[in-house]
Amino acid sequence: MSYINKPKVAHPSLPTNSLGLTRRQYEGSMSTLCAGCGHDSVTAAIVEACWGLSLQPEQLVKLSGIGCSSKTTAYFVGGSHGFNSVHGRMPSIASGANAANRGLTYVGISGDGDSLSIGIGQLVHAIRRNVNMLYLIENNGVYGLTKGQFSASADVGTKAKRGETNSSPPIDPVLLALTLGATFVARSFSGDKAQLVPLIQAGMRHNGFALIDVLSPCVTFNDHEGSTKSYGFTREHYHAAVEADFVPRAEEIAVNYPEGEAIPVSLHDGSRVVLRKLDPSYDPKDRTAAYHYIENKLKQNEYVTGLIHIDEADNTEFHNLNRTAKTPLNSIPFEKLSPGSATLHKLMTRYR
Amino acid sequence: MEPTDTSKPDYFHRVVDCQWACPAHTDVPEYIRLIAQGEFTEAYMVNRESNVFPGILGRVCDRPCEPACRRGRIEEKPVAICRLKRVASDNRDDITALLPKAPREKNGKRIACIGAGPASLTVANDLLPLGYEVTIFEQYGVPGGLMRTNIPAFRLPANVLDEEIGYIVDMGADLKLNTPIKSMKRLLDAQEFDAVFVGSGAPKGKELDLPGRRDTDRIHIGITWLESVAFGHVESVGERVLIIGVGNTAMDCCRSSLRLGAKDVKVMARKPRQFFKASEWELEDAEAEKVDIVINHAPKSFVVEGGRLMGMMFEKLEYDIENGDIKATRSLGDVFFPCDDVILAIGQENAFPWIEKGLGIELDKWNVPKVNATTFQSTRPEVFFGGDAAFGPKNIIWSVEHGHQAAISIHKFCHDEAIEQRMPRGVSLSSRKMGMHELAYKNEYNGVERRLVPHVGLVERFKKINIEVELGFTAEEAALEVQRCLNCDVQTVFAAKLCIECDACIDICPVDCLTIAPNGPEADLRARLTAPATNPSQALYVSAALPQTGRVMVKDEDVCVHCGLCAERCPTAAWDMQKSTIRIPFAIDEEVRACPA
Ligand SMILES: Cc1cc2nc3c(=O)[nH]c(=O)nc-3n(C[C@H](O)[C@H](O)[C@H](O)COP(=O)(O)OP(=O)(O)OC[C@H]3O[C@@H](n4cnc5c(N)ncnc54)[C@H](O)[C@@H]3O)c2cc1C
Ligand SMILES: Cc1ncc(C[n+]2csc(CCOP(=O)(O)OP(=O)(O)O)c2C)c(N)n1
Ligand code: SF4
Ligand code: SF4
Ligand code: SF4
Ligand SMILES: [Mg+2]
């Protein structure tokens with residue numbers, strides 16, 4: 001923990017976005033995480049992404065569970081809404097909030113422990129329901145907050161800081177999401193903001209559930225020799241398959257990509273993601289092929305990164321399926337929302 | 001780019017913008033921290049070591065440090081470095097015990113200093129402790145040079161001069177007042193001295209030879225007039241005064257006029273304000289006293305009728321200005337300004353009527369001596385020049401620095417050593433890290449705005465000519481002002497081999513100084529940084545290749561606020577905050593062999 005807060009002073013030529021805000025105005029409170037934690041870099045990427053989208057801070061809802069990763073919602077976009085739930089229960093809160101107000105942008109931040117152990121039941125149903133949100137896992141292979149026990153994403157053979165070797169097979173959130181039919185699946189690395197920032201922007205603008213698995217090293221408990229989630233190991237085994245550029249609506253015309261190399265995907269709000277295949281054999285639109293590709297690479301100890309799968313044509317999005325109210329519940333008159341005690345009484349008597 | 005070699009003392013010295021800009025390289029952040037700790041005496045002594053006259057300079061220094069101050073690039077107004085110097089001076093204890101002392105045993109070398117201005121006094125200050133016998137010849141009855149005769153007492157009180165000049169004279173200088181040197185030949189021929197230092201200033205005020213100039217006695221040369229005021233020879237002036245020129249001398253002339261009875265004082269400027277030579281703060285002080293500054297008027301003639309000065313004729317001008325350059329000038333006709341006195345404040349020149357030809361001391365056609373810019377030696381080996389006498393009028397702090405450098409040369413010269421071979425500057429570093437995240441200096445950025453120095457009221461100050469207008473900071477204001485200093489001497493020091501490229505430092509830096517990027521040529525790198533580095537006068541630090549990716553850590557020094565957060569957030573201590581001390585060699589630091597007999 002630092003002794004001073006990040007001062008408000010900023011670079012004199014810091015640019016502003018279309019709302020007239022600087023990137024610094026999208027920061028939250030000072031991080032209390034360990035110095036050098038990957039999660040802090042993800043925070044910085046989210047700040048950059050929200051600034052770039054010219055997001056109104058009060059249009060953002062930040063949700064999380066428990067863990068170092070789950071603490072990070074406090075560190076970005078101070079003027080937004082937030083809910084810090086019980087361990088592993090963030091998806092329920094996200095679903096409920098989403099049902100109550102579909103007009104806001106939902107970002108859930110979780111950890112590999114929060115999502116793949118205690119909260120896995122919640123995660124799979126959030127994917128199945130296609131809740132309209134960005135779900136970002138800060139994946140470090142350990143329970144950082146409780147001092148570095150292996151998590152369910154720890155690879156076979158990886159070593160703990162004190163020397164034990166993990167023998168249980170890992171759950172890969174990317175493969176999990178692909179099998180469950182997620183319509184936006186990506187993987188990235190806290191140390192690669194150039195890749196991560198557009199993925200976050202696209203994920204926030206995607207219509208439906210967007211999962212980003214971010215390899216985010218735990219500098220204190222899992223950054224040693226023998227760990228497969230260290231900065232060094234991640235850099236060596238990092239395989240970018242698809243590059244994604246996020247193109248906001250206003251800029252659309254300005255961007256010019258050479259024919260054939262780029263696959264533009266329009267998002268429902270009019271912005272676009274332009275995908276560029278770094279591996280020609282890879283097709284991010286084919287879910288089955290994507291699954292096999294990732295699985296094969298994992299066997300070769302390679303983390304495939306980039307926008308792994310996107311299906312913008314899918315219409316199983318949460319609000320469509322559940323026919324949720326278009327008007328936020330807080331804007332519907334009370335009389336319309338509440339049936340009143342007389343109606344309730346009538347209803348109750350039917351079941352007596 | 002090649003990795004930056006920070007072992008070269010200039011690298012970290014340049015980061016301390018104020019100290020780099022100060023001609024005498026005063027250790028500004030160190031004395032500001034000492035003031036913050038209430039160590040006024042210590043702060044005074046840190047100043048004195050390099051600038052010799054902290055009380056004087058804390059009032060009237062030209063302060064080249066302030067425009068250079070990093071704070072000015074971050075929020076416009078620099079730290080009030082100069083006025084904090086005065087805080088150290090005003091609140092110091094008796095320092096006599098801390099002053100350097102001259103040894104009882106002399107080294108047998110005798111030095112003559114001509115003129116008792118700041119340049120000569122500095123030479124004496126540096127050489128007396130080394131056992132030299134120093135004689136200072138001064139034409140007037142008081143020492144101090146222009147500081148005494150031209151800087152008005154309402155800016156610089158006599159007691160401040162007396163005290164700080166006294167420290168030097170009391171070390172054992174032989175100060176010969178009322179002793180003008182009328183012939184350099186005689187002085188040199190007598191062979192009484194091993195070396196001669198010429199610190200006689202640039203005493204000649206420039207003339208304005210326009211019609212009518214010789215027809216009245218109400219046209220005065222600024223510096224001569226100020227001198228007469230200082231010595232009490234002039235005690236009044238007419239009601240309407242025109243000052244020609246808009247430099248600092250003009251500011252002293254107009255403000256002095258107001259104290260001698262003038263009611264309507266106009267400073268006449270040929271060009272618009274952006275071209276004024278006067279310091280912004282001197283202009284402000286004059287304007288606060290209701291001096292009228294009239295722009296775009298070029299003097300044409302003095303209007304004298306029957307031996308009486310009636311006023312002056314000016315040509316009114318109009319300019320086309322592009323990017324700070326005058327592209328075209330147009331005349332808008334003549335304008336007459338009535339007045340009772342005119343004071344010419346358009347510059348000063350060197351004059352050495354007492355240096356005869358044929359002595360081997362070369363002067364050019366403007367009477368500027370040929371002087372080596374490092375050693376201050378003239379073309380005659382045992383004669384040295386410094387202060388305004390060397391390269392024309394500058395200011396006090398430059399005179400002091402010339403004095404220091406000349407003292408080194410004289411010291412080496414008297415010991416038959418090569419005077420060009422001088423001790424280089426050095427730098428020493430020591431970590432400010434305490435434990436994991438805490439730093440041993442106040443690293444928190446304080447957003448407080450520049451404090452204003454209180455002034456004596458606009459009625460009270462005119463009651464006597466020597467009422468000091470500035471009162472100096474109050475304790476409360478000083479306590480706030482010191483917090484504005486960014487501690488630029490606490491340097492960010494990087495160890496590339498420790499970096500794991502976690503980005504923590506980059507994410508935390510409040511002013512976007514840091515970038516990890518593939519290396520490239522400087523111009524390309526400057527454009528690719530987190531915040532493009534657009535100030536070419538500020539260095540880029542470039543590390544060696546980083547272990548994991550071979551990229552480099554780049555730091556743009558420009559607006560780093562030295563908050564230490566990069567070092568606080570770095571998990572591997574690849575960044576450290578280290579206090580740099582720039583070692584500036586003085587005469588006393590030069591190793592010389594025992595005196596040749
Ligand atoms: C009106 C005015 C205001 C100024 N205000 C400021 C200011 O606010 N801040 C600042 O930093 N600078 C200021 N300056 C400039 C500053 O005063 C000079 O740059 C500085 O004093 C030069 O120091 P020096 O030692 O070279 O010479 P000087 O100060 O000029 O001293 C030279 C001395 O030599 C003596 N002398 C000359 N010839 C002989 C001789 N033949 N024999 C014996 N003695 C001799 C003179 O009497 C004088 O005492 C100002 C100058 C003027 C004219
Ligand atoms: C119900 C419940 N069970 C267990 C815990 C203890 N606990 C706190 S955080 C955590 C795991 C966090 O791991 P992860 O989500 O990976 O976050 P990280 O700290 O690694 O970022 C556990 C098990 C808890 N807080 N609540
Ligand atoms: S902030 Fe302090 S150390 Fe930095 S340039 Fe200004 S006065 Fe000097
Ligand atoms: S000290 Fe470090 S974090 Fe602070 S401004 Fe300078 S480079 Fe940035
Ligand atoms: S915080 Fe330290 S280890 Fe991390 S990138 Fe910066 S210098 Fe390197
Ligand atoms: Mg974890």
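Residues numbered from 1 in each chain as written. Chains lettered and ligands numbered in written order. Predicted model: local features only at pLDDT ≥ 70, side-chain atom pairs only at ≥ 80, totals over all residues. Heavy atoms only, no water.

A. Quick look at the overall build of chain A. Secondary structure summary: chain A contains twelve helices and twelve strands in total. The C-alpha atoms of chain A give a radius of gyration of 21 Å, which matches the 20 Å a tight globule of 352 residues would have. Dimensions of chain A along its principal axes, counting C-alpha atoms only, are 70 × 50 × 50 Å. With 352 residues in all, chain A has 54% of them scored as buried. Counted over contacts in chain A with a minimum sequence separation of 6, partners at least 24 positions apart contribute 70%. About 15600 Å² of surface is accessible on chain A, with carbon and sulfur atoms providing 53% of the total. Each charge sign in chain A was given a centre, from 33 positive and 32 negative side chains, and these centres are 10 Å apart. (Helix = DSSP H or I, 4+ residues; strand = E, 2+ residues; numbered from the N terminus. Rg over C-alpha atoms; globule rule 2.2 N^0.38 Å. Buried < 20%, exposed > 50% of the residue type's maximum accessible area, 1.4 Å probe, protein only. Contact = heavy atoms within 4.5 Å. Areas by Shrake-Rupley, 256 points an atom, 1.4 Å probe, with all protein chains shown as cover. Lys, Arg positive; Asp, Glu negative; His and termini not counted. Charge placed at Lys NZ, Arg CZ, Asp CG, Glu CD.)

B. Focus on the overall build of chain B. Scanning chain B from terminus to terminus reveals 21 helices and 23 strands. Its C-alpha atoms give chain B a radius of gyration of 27 Å, near enough to 25 Å, the size a compact globule of 597 residues would have. Seen along its three principal axes, the alpha-carbon backbone of chain B occupies a region of about 90 × 70 × 45 Å. Residue burial in chain B is summarised as follows: out of 597 residues, 57% are buried. Of the contacts made within chain B by residues no fewer than 6 positions apart, 71% connect residues no fewer than 24 positions apart. Carbon and sulfur atoms make up 50% of the accessible area of chain B, which amounts to about 24800 Å² in all. Positive and negative side-chain charges of chain B, numbering 71 and 87 respectively, have mean locations separated by a distance of 2 Å.

C. Focus on the domain arrangement of chain B. All names here are of chain B. Here chain B is partitioned into domain 1 (16-97 + 446-484), domain 2 (100-203 + 350-413) and domain 3 (206-346). For domain 2 versus domain 3, the distance between C-alpha centres works out to 32 Å. On the side of domain 3, ten residues touch domain 2, which itself brings eleven residues to the contact. Applying the counting rule to domain 2 against domain 3 returns two salt bridges. Here domain 2 and domain 3 share five residue pairs in polar contact (both at pLDDT 80 or more) between them. (Domains from an automatic or database assignment. Salt bridge = Lys/Arg side-chain N within 4 Å of Asp/Glu carboxyl O. Polar contact = N/O pair within 3.5 Å; in protein donor to acceptor, adjacent residues only side chain to side chain.)

D. Highlighting empty space enclosed by the protein. Residue and element names in this part refer to chain B. In total, this model carries five cavities of 30 Å³ or more according to the counting rule given. Here the largest cavity defines a volume of roughly 160 Å³. Along the wall of the largest cavity there are 14 residues; nearest its centre are Arg59, Arg83, Arg155, Asp285 and Glu470. Sorting the residues of the lining of the largest cavity by element identifies helix 5 (54-60) and helix 15 (280-288) as the ones contributing at least two each. When residues of the lining of the largest cavity are assigned to their parent elements, the largest contribution, three residues, is made by helix 15. (1 Å grid on protein atoms, 1.4 Å probe; cavity = no way out; pocket = protein on both sides within 12 Å on 5 of 7 lines; lining within 4 Å. Points joined across faces, edges and corners; volume = space filled by probe spheres on them.)

E. Spotlight on the site of ligand 2. All names here are of chain A. Near ligand 2, the surroundings consist of 17 residues, among which Ser69, Asp112, Gly113, Asp114 and Gly144 are the closest. In this structure, an oxygen atom belonging to ligand 2 sits 2.9 Å away from a main-chain N or O atom of Leu145. Protein contacts shield 74% of the accessible area of ligand 2, which totals 590 Å² for the unbound molecule. Breaking the shell around ligand 2 down by element, the ones donating at least two residues are helix 2 (68-71), helix 4 (112-118) and strand 5 (142-143). Counting residues per element, the shell around ligand 2 draws most heavily on helix 4, which supplies four residues. For the shell around ligand 2, the per-class residue count stands at six nonpolar, nine polar and two charged. (Near = heavy atom within 4 Å. Nonpolar A, V, L, I, M, F, W, Y, C, P; charged D, E, K, R; others polar.)

F. Summary view of the coordination of the magnesium ion (ligand 6). Residue and element names in this part refer to chain A. Only Asp112 (OD), Asn140 (OD1) and Val142 (O) from the protein coordinate the magnesium ion (ligand 6), and they sit 2.1 to 2.2 Å from it. In the primary structure, the donors to the magnesium ion (ligand 6) are separated according to the pattern D-x27-N-x1-V. Taken as a pair, Asp112 in helix 4 and Asn140 in the loop between strand 4 (133-139) and strand 5 lie far apart in primary sequence, 28 residues in all. The exposure class assigned to Asn140 is buried, which follows from its relative accessible area of 4%. (Donors = N, O, S within 2.8 Å, 3.2 Å for Na, K, Ca; no water.)

G. How the structure looks around the site of ligand 3. Residue and element names in this part refer to chain B. If you check the shell around ligand 3, you find Asp17, Cys18, Val28, Pro29, Cys69, Arg70, Val79, Ile81, Cys485, Leu486 and Cys488 and nothing else. Secondary-structure elements contributing two or more residues to the shell around ligand 3 are helix 2 (17-21) and helix 3 (28-36). Of the residues contributing to the shell around ligand 3, the split by class is nine nonpolar, no polar and two charged.

H. Inspection of the packing of aromatic side chains at higher detail. Per the counting criterion, the structure on display carries 15 aromatic pairs over all chains. Here Phe352(B) and Trp354(B) contribute two aromatic rings whose centre-to-centre distance is 6.1 Å and whose plane-to-plane angle is 70 degrees, an arrangement assigned as edge-to-face. There is no split in this pair, since Phe352(B) and Trp354(B) are both buried. Just above the ring of Phe76(A) sits the side chain of Lys62(A); from NZ or CZ to the centre is 5.4 Å. Of note, Arg259(B) hangs over the ring of Phe154(B), and the distance from its end group to the ring centre comes to 3.9 Å. (Phe/Tyr/Trp six-rings, centres within 6.5 Å; stacked < 30°, edge-to-face > 60°. Lys NZ or Arg CZ within 6 Å of the ring centre and 35° of its normal.)

I. Spotlight on helix 4 (residues 40-51) of chain B. All names here are of chain B. Here helix 4 spans 16 Å end to end across twelve residues, near enough to the 16 Å set by a 1.5 Å rise per residue. For helix 4, every residue scored as buried is listed here: Thr41, Ala43, Tyr44, Met45, Asn47, Arg48, Ser50 and Asn51. Contacts made by the buried residues of helix 4 are with helix 3, helix 5, helix 8 (81-90), helix 9 (118-127), helix 11 (158-169) and helix 17 (396-414). (Expected span 1.5 Å × (residues − 1).)

J. Molecular detail of the interface of chain A and chain B. Counting residues at the interface gives 31 residues for chain A and 30 residues for chain B. Carbon and sulfur atoms make up 55% of the surface buried where chain A meets chain B, a total of about 2500 Å² over both sides. The largest share of the area that chain A buries against chain B comes from Ile4(A), His11(A) and Arg235(A), three residues that together contribute 24% of it. In this structure, the connection of chain A to chain B is made through four salt bridges. (Buried area = accessible area lost by both parts, 1.4 Å probe.)

K. Fine view of unusual backbone geometry. Residue Ser54(A) is not a glycine yet carries a positive backbone phi of 50 degrees. Within the secondary structure, Ser54(A) is located in the loop between helix 1 (38-52) and strand 1 (60-64). Non-glycine residue Asn487(B) carries a positive phi angle of around 60 degrees. Locating Asn487(B) in the fold gives a position in the loop between helix 18 (475-481) and strand 19 (490-494).

L. Geometry of the side chain of Ser227(A). All names here are of chain A. Within the secondary structure layout, Ser227 lies in the loop between strand 8 (209-215) and helix 8 (231-236). You can call Ser227 buried: its relative accessible area is 2%. From its side chain, Ser227 meets the backbone nitrogen of Lys229 in a polar contact 3.0 Å long.

M. Expanded view of the nonpolar core. Counting residues in hydrophobic clusters, the biggest one holds 71 residues, and the most contacted among them are Ile200(A) and Ile212(A). It is helix 1 of chain A that provides the largest number of residues to this core, a total of seven residues. With residues up to four places along the chain from it excluded, the contact list for Ile200(A) reads Ala45(A), Ile46(A), Ala49(A), Leu134(A), Leu136(A) and Ile212(A). In terms of nonpolar packing, the next biggest core, distinct from the first, is built from 65 residues, Ala24(B), Leu128(B), Leu161(B) and Ile396(B) among them. (Core = buried A, V, L, I, M, F, W, Y, C linked by side-chain atoms within 4.5 Å.)

N. Inspection of the pattern of salt bridges at higher detail. The tally for this structure, following the rule as stated, stands at 64 salt bridges over all chains. Measuring nitrogen to oxygen at the nearest pair gives 3.0 Å for the salt bridge that ties Arg569(B) to Asp40(A). Placement of the pair is Arg569(B) in helix 21 (residues 565-569) and Asp40(A) in helix 1, with the two residues belonging to separate chains. By relative accessible area, Arg569(B) is classed as buried at 3%. Judged by its relative accessible area of 13%, Asp40(A) is buried. Asp90(B) is paired through a salt bridge with Arg59(B); the nearest N and O atoms lie 3.4 Å apart.

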